[in-house]
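The primary structure of each chain is shown beneath.
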Amino acid sequence: MTATPRISLFAQDTRTKRRNAAEARFRSYGLAAIVLALLALVWLLISIFSGGLPAFKQSFLTFPVTLEESVLDKGGKRDPAVMAKATTVTYAKVLAKALEAEVAAKGLETKLKTKDLAKMISEESPATLRDRVLADPSLIGQTIQVSVLASGRIDGYYKGRVTMESAAKDKNTSPEQLALADQLKAAGVLTMQFNSGFLTMPDASDKRPEAAGLGVAIIGSLYMMVVVLVLALPIGVAASVYLEEFAPKNRITDLIEVNIANLAAVPSIVYGILGLAIFINFAGLPQSAPIVGGLVLTLMTLPRIIIPTRAALKAVPPSIRDAALGVGASNLQTITHHVLPLAMPGILTGTIIGLAQALGETAPLLLIGMVAFVRDFPGAPPEGLFDPAAALPVQIYNWTQRGDPGFVERASGAIIVLLVFLIAMNAVAIYLRRKFERRW
């Protein structure tokens with residue numbers, strides 16, 4: 001009779017080898033997926049930062065300007081109403097003549113005429129100088145040192161967007177202007193400086209990418225986030241507490257819960273259509289106003305706050321509720337004194353993540369008109385909530401639609417600013433979660 005072969009636990013049979021090989025392949029697939037995802041993320045960040053970091057530096061021309069009284073204030077009375085008659089065209093000629101004098105003083109060689117030198121200065125600079133003089137009329141008659149924006153073509157030359165070959169075919173610049181720019185840079189007249197105006201100035205027209213800023217968009221996004229926080233947090237928490245702690249379990253509450261889960265998956269553009277129909281067409285609120293954007297984003301954010309808040313309430317052990325009720329606390333006291341404080345980390349985390357998602361939404365804001373070109377800053381709340389404004393994601397979309405490559409650079413820089421806001425909000429969520437987290 002043949003003896004049964006003995007099987008050792010230390011020797012792998014064929015099935016075990018196949019199972020171990022399949023497990024090893026599965027681990028390698030997972031590791032490969034993670035590596036590919038990280039490489040894609042690194043490539044995305046590199047492309048954004050390489051394209052956007054130049055937006056935080058700008059070319060400036062620094063030279064003395066004589067503000068002649070005979071040109072800017074012929075009456076000599078320093079009356080702002082009379083001085084305002086000197087338009088930006090007049091100030092543009094003053095800057096061009098001052099730059100021509102500086103070129104001569106530095107001994108630089110050029111055959112450019114005064115009108116060609118004027119094209120090297122941003123069209124925004126005359127308006128900036130005019131506002132400065134109107135704010136301080138005592139400057140008239142003096143020679144002051146000014147630092148003005150160089151034109152977009154000159155700035156693009158030092159950022160790699162413009163070359164001598166492309167300048168020869170461009171009616172807005174010329175190789176001679178670029179050659180003079182090199183001389184001005186060597187003489188210290190033209191310098192690359194940190195562009196604080198990118199964060200503080202409003203948007204600019206299609207011909208002035210060097211002057212476009214995020215000031216209005218940042219304030220508009222801030223106002224909308226305030227509206228969302230003030231409305232969505234109390235409403236979302238109150239709805240969650242009622243559904244989780246007080247509402248009877250029946251078909252009505254089941255229907256409400258299903259609808260809340262479905263609303264969280266509704267495309268954001270649907271909320272934009274809803275906001276356009278209700279808040280603008282029916283309620284008559286102004287288009288492109290932070291209050292309308294905040295209301296639309298509130299509707300969109302509510303399900304994203306209710307769902308994590310209910311999950312945080314469910315995570316509180318029932319023994320804590322039973323202990324509080326056992327010592328004579330009411331249901332309301334149990335919730336406010338025990339359940340809500342213990343669920344606070346999850347509530348705050350869900351709220352901040354919901355706000356971060358709302359901050360990056362574009363489609364609903366486009367439908368309510370926030371894509372409009374806005375130059376004026378909104379006023380202080382509450383009146384400022386009804387003033388026209390822009391938003392960061394919409395401003396990014398707007399810049400990507402313009403033809404000048406300078407606006408593409410601005411769009412990448414705005415994406416960096418938006419990412420900084422999102423990272424900061426997520427960092428706050430992590431901090432609050434750890435700060436209020438309690439062990440039980």
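Treat the numbers as computed from the prediction; the structure is a model and nothing was measured.

Colleague: Looking at this model, I keep getting lost on the pairing of strand β1 (residues 57–66). Mind explaining?
Modeller: For a regular strand, the rule is simple: side chains alternate between the two faces of the sheet. Relative to strand β3 (residues 190–194), β1 runs antiparallel, the two sharing 5 bridges. Across the sheet, residue Gln58 finds its bridge partner in β3, namely Gln193.

Colleague: What am I meant to see in the sheet that holds β1 here?
Modeller: Strand pairing in a sheet relies on backbone hydrogen bonds. The paired strands run either parallel or antiparallel. A sheet is described by the order of its strands in space; here 3 strands give the open sequence β2-β1-β3, paired in antiparallel fashion. Each edge of the open sheet is held by one strand with a lone partner, namely β2 (143–149) and β3. Averaged over all adjacent pairs, the angle separating strand axes in this sheet is 40 degrees, with direction ignored. Contacts between helix α4 (residues 88–105) and the sheet are confined to β1 and β2, with β1 contributing the most and set at about 90 degrees to the helix.

Colleague: How should I be thinking about the nonpolar core in this particular structure?
Modeller: Considering soluble globular proteins, one finds that nonpolar side chains tend to be buried as a cluster. Core analysis: the biggest nonpolar cluster contains 57 residues, and Leu214, Met225, Val292, Leu297, Leu365 and Trp399 have the highest contact counts within it. Elements supplying a minimum of two residues to this core: α11 (215–246), α13 (268–282), α14 (290–315), α16 (331–359), α18 (392–400) and α19 (405–436). With 9 residues, α19 is the largest single contributor of residues to this core. The contact partners of Leu365, leaving out residues within four places of it in the chain, are Met224, Gly293, Leu297, Met370, Val371, Ala391 and Val394. Listed in part, the 36 residues of the second largest apolar core include Met83, Leu117, Ala167 and Leu180.

Colleague: Whenever I open this one, α14 confuses me. Can you help?
Modeller: Turn by turn, an α-helix covers 3.6 residues, leaving residues three or four places apart pointing in a common direction. Between the first and last C-alpha of α14 there are 36 Å, a value that for 26 residues agrees with the 38 Å anticipated at 1.5 Å per step. Largest kink in α14: about 35 degrees, centred on Thr301, with the proline Pro303 one to four residues after it. Across the 26 residues of α14, 19 count as buried, placing the element largely inside the fold.

Colleague: What is the right way to look at the layout of surface pockets in this model?
Modeller: Sizing a probe to match a water molecule and rolling it over the atoms shows the empty space that remains. Each pocket or cavity is described by its volume, and for the largest pocket that value is around 570 Å³. Forming the walls of the largest pocket are 22 residues, and the residues nearest its centre are Lys119, Ile121, Glu123, Asn172 and Lys207. Elements that contribute at least two residues to the lining of the largest pocket include exactly α4, α5 (114–118) and α7 (152–158). With 5 residues, the top contributor of residues to the lining of the largest pocket is α4. Of the residues that constitute the lining of the largest pocket, the class distribution is 8 nonpolar, 5 polar and 9 charged.

Colleague: Help me out: how do you make sense of the packing of helix α15 (residues 318–326) against α16 in this one?
Modeller: How two helices pack is summed up by the angle between their axes together with the distance between the axes. Between α15 and α16, the shortest axis-to-axis distance is 10 Å and the interhelical angle comes to 145 degrees. Considering the relative orientation of α15 and α16, their crossing is right-handed. Here Ile320, Arg321, Ala324 and Leu325 of α15 lie close against α16, whose contacting residues are Asn331, Thr334, His338, Val339 and Leu342. Here the residues of the contact of α15 with α16 are counted per class, giving 5 nonpolar, 3 polar and 1 charged.

Basis of the calculations
- Residues numbered from 1 in each chain as written.
- Predicted model: local features only at pLDDT ≥ 70, side-chain atom pairs only at ≥ 80, totals over all residues.
- Heavy atoms only, no water.
- Pairing = 2+ DSSP bridges.
- Helix = DSSP H or I, 4+ residues; strand = E, 2+ residues; numbered from the N terminus.
- Axes fitted to C-alpha atoms, helices over the stretch in contact; angles between N-to-C directions.
- Contact = heavy atoms within 4.5 Å.
- Core = buried A, V, L, I, M, F, W, Y, C linked by side-chain atoms within 4.5 Å.
- Buried < 20%, exposed > 50% of the residue type's maximum accessible area, 1.4 Å probe, protein only.
- Expected span 1.5 Å × (residues − 1).
- Bend = angle between axes of the 7 residues up to and from the residue.
- 1 Å grid on protein atoms, 1.4 Å probe; cavity = no way out; pocket = protein on both sides within 12 Å on 5 of 7 lines; lining within 4 Å.
- Points joined across faces, edges and corners; volume = space filled by probe spheres on them.
- Nonpolar A, V, L, I, M, F, W, Y, C, P; charged D, E, K, R; others polar.
- Left-handed = near helix turned anticlockwise from the far one by under 90°.

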